[in-house]
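Secondary and tertiary structure notes
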Amino acid sequence: MQSNGSPTHNGDAQTSSSAQNGAEPEPSASSSNGVEVTQVAEGLEKAKVVLSRSDEDIVRLIGQHLNGLGLHRTAELLMAESGCRLEHPSAAKFRELVMAGEWEQAEEVLSELKSLLDKPQAALKMKFLLLEQKYLEYLEDGQVIEALYCLRNELTPLKFNTERVHQLSGYIMCSTAEELRERAEWEGKGPKSRAKLMEKLQAYMPPSVMLPPRRLQTLLSQAIELQKERCPYHNTKNEDSLQNMSLLLDHVCSRKQFPCRTRQILSEHCDEVWFCKFSNDGTKLATGSKDSTLNVYEVNQITQEAKLLRTFEGHQYGVSYLSWSPDDVYLIACGPEECSELWVWNVQTGELRVKVSQSPEDSLTSAAWNIDCKRFVCGGTRGQFYQCDLDGNVMDSWEGVRVQCLQYKKDGKTVLASDTHHRIRGYNFEELSDHNLDPMAQDPWIVDNKIVEDHPIMSFSVDDSGRLALLNVATQGVHLWDLQDKVLVRKYQGVTQGFYTIHSCFGGVNQDFVASGSEDNKVYVWHLKRELPIAVLAGHTRTVNCVTWNPQIPGMLASASDDGTVRLWGPASADDESDDLPCLSPLDGTVRVLEKDKPAAESDDSTDTDDEV
C-alpha cells in the first residue's frame, strides 16, 4: 500500500530529517491524489499568471475567508503566488493598530488613508468612531482625566454628531464599568468591541482598499436567497444560515415537501361545505355548511390530523362565512344573502355569546374582528354596515353600503370593504375628520378609494403585512393588488371563477404562496410571484368554495367543497415513491394534475389518474 505515491517499508512512510524539523523538503516531486506537486519556492519563481479583474476579486475573497478561519499562512501563500494584494498596506496597518488599541498611531495612518477614501466626510466619520472607542475605554479603565481630555480636546473640536457627543459626556457619571457598558450598549474594552468598530470603519473604505467584512459569506448568502426565491416549492423554515445549506448543489426543494397529497377527508357535514378557516394559532379548523351546522376541529400539531371538537347548530340558512377573533376565543358565523342574523360563539365553552339581528330585512353575510377582540363589523349586500360590541350592541351604523366582504386593517381603525360597485374602500371608524378624506369621496367616513375592478369582487383577503390583497373577481379569476400603491400586481391563471363566491388565501412560509378554490372542482396553488400555478390539486367532485392555509404549519392546507367534504392537504409521506405529484416545470409551465387523490384509509370506487393541463 502506498501513501502519497511514496513506497512504504513495514507500514511506515520514509520521512527525511529535514522535513521532520520543519525545513523544506528536497526538490524531488511527489504525488498527492494523482497530482504532481513541486516545491512552493520553485512555484513562486515561475512567471506569475495574469489574472482578470474578476479572478483577482475571487482570490481576494478567498484570502479574506482564509484569514477569517485563522489560516493566515495559507492566505499569505495564496496572495504571494497569485500576485494579488488582499488589502492596501496602510489599511492592513490601520486594522492592526485598531485591534491593538493604539489610537494615536491609528489616527496617523488614517491621515495616510484619507486620499484613498471615496467620500470627503469619510475620514471625519472614521476619526469620530476611533475617538469614541478611545473615550469609552478610558472611562472603563477609570482614567477619567484622560477621558475628559479626549472628549473636550479631540471629540468636541470635530464639530460632528453633537448629539452623540452630549450623550457620551453623560457616561462620565457611570459609577461602574458594568453600568457604562449597559448604558452605552457597548461590549467593553477588548477584541469584540474593537472588531465591531473595525466593521464600522470598513464601511467607509472602498473595496479596493479593504474588503467589506465577511464579503464571501455575504455573496454566498445572497446567492442562496436568490435560489430560494426562484424555487417554486420552497416552503420550509430554519434555513437562514449557510451552515444549513449545501454550496455544492443548487437549492431545489422537492415537490413532495409541498402540500400535494390529501392527508385526511372530513365528512361530518351532510350537505355542501361553504367555508373553512384555521384559527390564528393553527390549532383549530372551523367549517361551515349548508346543513346549518358549524364544526370546529382540533388540529394535532404533530400528526397534522383533525378531530371533531364541537358542533354548533341552529343556523337556519346555513353557514357561509366564518371569522375567528384575534385571540381565537370567539367565532362569528354568518349565513347567505337571505340570512338576517349572525352568531358569535365562544369556542372554548361552546356557548352562544350573542346572536345579532337588527332587522329581518338585513343581510349579514360577512364580518371582521377588531384587533382588540371587543368589537367587530358586519354587513351584507342589502345595504347594512354595522360596528358592534361583544354584546351585539350596534355602535355605528351606515345605510346604503352594500358590503360583499370585510377585512379589518391592523391599525384597528380602518375597515376594508368590497361593495357591489366592484371596488374596495377603506372606512375609518375612529377618525371622521376631513384630513383623512379622499378627494373623490363624498361620504365623511370613507378614508380612501383603494381599488376598482371591472367585474364584481366576490371575496378578498389581505396578507399579514396589510399591503397585498387577494381578490376573487367574477368571470376573471384571482387578482393580486398592492393596497399601498393601488396597482394591480398580478392576474393568476388557470382557475375557473364564475359568479359563485369562492374564497382564496395567502399561506406558506412568509406567505409566499396563494391558493384558491375553483368551479372546476380543483384547488389551485401559485407562488406569489408567478402567474402560472405550481400545483393543481384534484380530488373534490364539485366546486371548491374555500381554501385556508394553516398559519402555523406551512405545509398544511384545507379546502371545502360542494361535495360535502373538507380535505386536508399536506406533503407526500416519506415512503411515497410515486411520481404522480402536481407540479409546474419552471421552464415550460406544464402543470401535472393529480386526480382523486385519497389517503389509504379512504375507500371508494375512484382511481388515481395523472392529467396534463
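Residues numbered from 1 in each chain as written. Predicted model: local features only at pLDDT ≥ 70, side-chain atom pairs only at ≥ 80, totals over all residues. Heavy atoms only, no water.

This part is about the overall build of the protein. Helix and strand counts for the protein stand at 12 helices and 35 strands. When the 613 residues of the protein are sorted by exposure, 48% land in the buried category. Put simply, 49% of the contacts in the protein that link residues at least 6 apart link residues at least 24 apart. Carbon and sulfur atoms make up 48% of the accessible area of the protein, which amounts to about 31200 Å² in all. (Helix = DSSP H or I, 4+ residues; strand = E, 2+ residues; numbered from the N terminus. Buried < 20%, exposed > 50% of the residue type's maximum accessible area, 1.4 Å probe, protein only. Contact = heavy atoms within 4.5 Å. Areas by Shrake-Rupley, 256 points an atom, 1.4 Å probe, with all protein chains shown as cover.)

Our focus in this paragraph is the sheet that holds strand β5 (residues 261-266). Strand order in the open sheet formed by four strands is β5-β32-β31-β30, with antiparallel pairing between adjacent strands. Unpaired on one side and paired on the other, β5 and β30 (544-549) mark the two borders of the sheet. The sheet shows a mean angle of 25° between the axes of neighbouring strands, taken without regard to direction. As judged from the five bridges shared by β30 and strand β31 (residues 557-561), these two strands associate in the antiparallel manner. Note that in β31 the partner of Cys 546 across the bridge is Ala 560. (Pairing = 2+ DSSP bridges. Axes fitted to C-alpha atoms, helices over the stretch in contact; angles between N-to-C directions.)

Our next topic: the packing of aromatic side chains. With the rule as written, the count across this model stands at 11 aromatic pairs. Where Tyr 524 meets Trp 526, the ring centres are 6.0 Å apart and the plane angle is 20°; that geometry is what we call stacked. There is no split in this pair, since Tyr 524 and Trp 526 are both buried. Members of the aromatic cluster, each reached through a chain of ring pairs, are Phe 258, Phe 513 and Trp 549. (Phe/Tyr/Trp six-rings, centres within 6.5 Å; stacked < 30°, edge-to-face > 60°.)

Grouped burial of nonpolar side chains is what soluble globular proteins tend to show. Membership of the largest hydrophobic core comes to 57 residues, with the highest contact counts inside it found for Leu 285, Leu 294, Leu 342, Phe 376 and Leu 471. Residue contacts for Leu 294: discarding those within four places in its chain leaves Ala 286, Thr 287, Arg 310, Thr 311, Phe 312, His 315, Val 319, Leu 322, Leu 331, Ala 333 and Trp 345. Val 98, Leu 129, Leu 197 and Met 210 belong to the second largest nonpolar core, which has 21 residues in total. (Core = buried A, V, L, I, M, F, W, Y, C linked by side-chain atoms within 4.5 Å.)

In this section: the sheet that holds strand β11 (residues 330-334). Pairing is antiparallel in the open sheet, where four strands are placed in the order β10-β11-β12-β13. Two strands bound the open sheet, and with one partner strand each, they are β10 (321-324) and β13 (352-356). Ignoring strand direction, the axes of neighbouring strands in this sheet form an average angle of 15°. Note: β10 against β11, four bridges, orientation antiparallel. Residue pairing for β11: Leu 322 is matched across the bridge by Ala 333.

Overall, the coordinates contain 19 salt bridges when judged by the stated rule. Asp 419 is paired through a salt bridge with Arg 423; the nearest N and O atoms lie 2.8 Å apart. Here the salt bridges do not stand alone but share partners, grouping Glu 104, Lys 134 and Glu 154 into one network. (Salt bridge = Lys/Arg side-chain N within 4 Å of Asp/Glu carboxyl O.)

Put simply, helix α7 (residues 122-140) and helix α9 (residues 162-170) touch, their axes get as near as 11 Å, and they point 10° apart. Relative to α9, the element α7 is oriented roughly parallel. The segment α7 lies against α9, with Phe 128, Glu 132, Tyr 135 and Leu 136 engaging Arg 164, Val 165, Leu 168 and Ser 169. (Parallel < 35°, antiparallel > 145°, perpendicular 65-115°, else oblique.)

This part covers the pairing of strand β18 (residues 403-408). In terms of residue burial, β18 counts as a mostly covered element, since five of its six residues are buried. Taken together, the five bridges between β18 and strand β19 (residues 414-419) define a ladder with antiparallel strand orientation. Bridged to Gln 407 within β19 is Leu 416. Counted along the chain from β18 to the antiparallel partner β19, the turn is five residues long, and its residue Gly 412 has a positive phi close to 75°.

This part takes up the UniProt feature "repeat: WD" (unreviewed entry) in the protein. When the UniProt feature table is mapped onto this chain numbering, "repeat: WD" (unreviewed entry) sits at residues 266-307, 312-343 and 537-569. The span residues 537-569 is 0% helical and 52% strand by assignment, and the distance between its end C-alpha atoms comes to 9 Å. (UniProt positions renumbered as here; feature names shortened; annotations may be inferred.)

Further remarks concern unusual backbone geometry. Although it is not a glycine, Ser 292 adopts a positive phi angle of roughly 75°. Tracing the backbone through its elements, the reader meets Ser 292 in the loop between β7 (284-289) and β8 (294-299).

Moving on, we come to the state of the cysteines. Evaluated as defined, the whole model comprises zero disulfides. Distance from the sulfur of Cys 334, which forms no disulfide, to the nearest cysteine sulfur (Cys 378) is 7.1 Å. In this structure Cys 334 comes out as buried when scored by relative accessible area, which is 0%. (Disulfide = S-S within 2.5 Å.)

A separate point is the pairing of strand β28 (residues 522-527). The side chains of a regular strand alternate, first on one face of the sheet and then on the other. The buried fraction of β28 amounts to six of the six residues, a majority that puts the element mostly inside the structure. Burial along β28 is two-sided: Lys 522, Tyr 524 and Trp 526 and Val 523, Val 525 and His 527, pointing in opposite directions, are all buried. Bridge count for strand β27 (residues 513-516) against β28 is four bridges, and the pairing is antiparallel. Among the inter-strand pairings, Ser 516 is bridged to a residue of β28, identified as Tyr 524. Counting the residues in the hairpin turn of β27 and β28 gives five residues, including Asn 521, whose phi is positive at 75°. Alignment of β28 against strand β29 (residues 533-538), held across five bridges, turns out to be antiparallel. Within the sheet, the bridge partner assigned to Trp 526 lies in β29 and is Pro 533.

Let's shift gears to the side chain of Glu 453. Tracing the chain through its elements places Glu 453 in the loop between β21 (446-452) and β22 (457-462). With no salt bridge to any partner, buried Glu 453 finds its closest opposite charge in Lys 491, at an N-O distance of 6.4 Å. Reaching out from Glu 453, the side chain makes a polar contact with the side chain of Trp 481 at a distance of 2.8 Å. If we skip the residues at most four places from it in the chain, Glu 453 touches His 422, Leu 471, Val 473, His 479 and Trp 481. (Lys, Arg positive; Asp, Glu negative; His and termini not counted. Polar contact = N/O pair within 3.5 Å; in protein donor to acceptor, adjacent residues only side chain to side chain.)

A separate point is helix α5 (residues 89-100). An ideal rise of 1.5 Å per residue puts 16 Å on 12 residues; α5 measures up with 17 Å between its terminal C-alpha atoms. Taken residue by residue, α5 has Ser 90, Ala 91, Phe 94, Leu 97 and Val 98 as its buried positions. Down the axis of α5, the buried set is contained in an arc of 125°. They therefore lie on one face. Each element contacted by the buried residues of α5 is listed here: α6 (103-113), α7 and α11 (191-202). (Expected span 1.5 Å × (residues − 1). Arc of directions from axis to C-beta.)

With respect to the helices and strands, Asp 419 occurs in strand β19. Those residues in contact with Asp 419, other than ones at most four positions away along the chain, are Arg 402, Gln 404, Arg 425 and Tyr 427.

Moving on, we come to the confidence of the model for the protein. For the protein, the mean per-residue pLDDT works out to 82, and 81% of the residues sit at or above 70. For the stretch residues 1-38, pLDDT sits under 50, and the model shows 23 contacts to residues farther than four places along the chain or on other chains. (pLDDT = per-residue confidence, 0-100.)

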